[in-house]
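Secondary and tertiary structure notes
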Amino acid sequence: MSTQMPEGRISSGGPWEDRYGYARAVVAGPHVLVSGCTATVGGEVQHVGDAYQQTLTAFSIALDAVEKAGLTRADVVRTRLYVVNAGDFDAVGKAHGEIFRDVRPVCTSVQVAGLVDERMLVEIEVEGYRPVERGTHED
């Protein structure tokens, strides 16, 4: 029996997806590519001033998209962390470690000058991968 993943685009219902013409995630074969996620829920930035909690919230949004695509946290192979304040790298890394300690995806952390809302301290991206298993046919 083969494992099939849904193809196409996944929406989180975020306010900018329709306005700016992008999807929360795209499933392309065995790949799931998740757009940048922040701690914005219902159009409002959550946990203002707390990079650790913002990171947990952003990953929750991203992993929801991964699950909608038929994968799990264990299928995450790459993360990218965009952090506004260098002093927040430890808090952001701590949150990442709590989520992915046993998965150990490759990870890039970058300090950026800012994000679209000054209250946002971190934005994350996630990529998942699960090869499509080939089944055997009984004749």
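Above this note sits the structure.
Here's a quick rundown of the structure. (Residues numbered from 1 in each chain as written. Predicted model: local features only at pLDDT ≥ 70, side-chain atom pairs only at ≥ 80, totals over all residues. Heavy atoms only, no water.)

**Overview of the pairing of strand β8 (residues 122–129)**
Only one face of β8 is buried, namely the one carrying V122, I124, V126 and G128, since none of E123, E125, E127 and Y129 on the opposite face is buried. Bridge count between strand β3 (residues 31–37) and β8: 5 bridges; the pairing is antiparallel. For H31, the partnering residue across the bridge sits in β8 and is Y129. In this structure, strand β6 (residues 76–83) lies alongside β8, joined through 7 bridges in antiparallel fashion. Bridge pairing in β8 links R78 to E127. (Buried < 20%, exposed > 50% of the residue type's maximum accessible area, 1.4 Å probe, protein only. Helix = DSSP H or I, 4+ residues; strand = E, 2+ residues; numbered from the N terminus. Pairing = 2+ DSSP bridges.)

**Section: the sheet that holds strand β1 (residues 8–10)**
Read from one edge to the other, the open sheet built from 6 strands follows the order β1-β2-β3-β8-β6-β7, with strand pairing classed as mixed. Of all strands in the sheet, those bounded by a partner on one side alone are β1 and β7 (106–111). Strand-to-strand twist across the sheet, computed as the mean angle between neighbouring axes with direction ignored, equals 15°. Packed onto the sheet, helix α2 (residues 51–68) meets β1, β2 (25–28), β3, β6 and β8 and runs at close to 30° relative to β8. (Axes fitted to C-alpha atoms, helices over the stretch in contact; angles between N-to-C directions. Contact = heavy atoms within 4.5 Å.)

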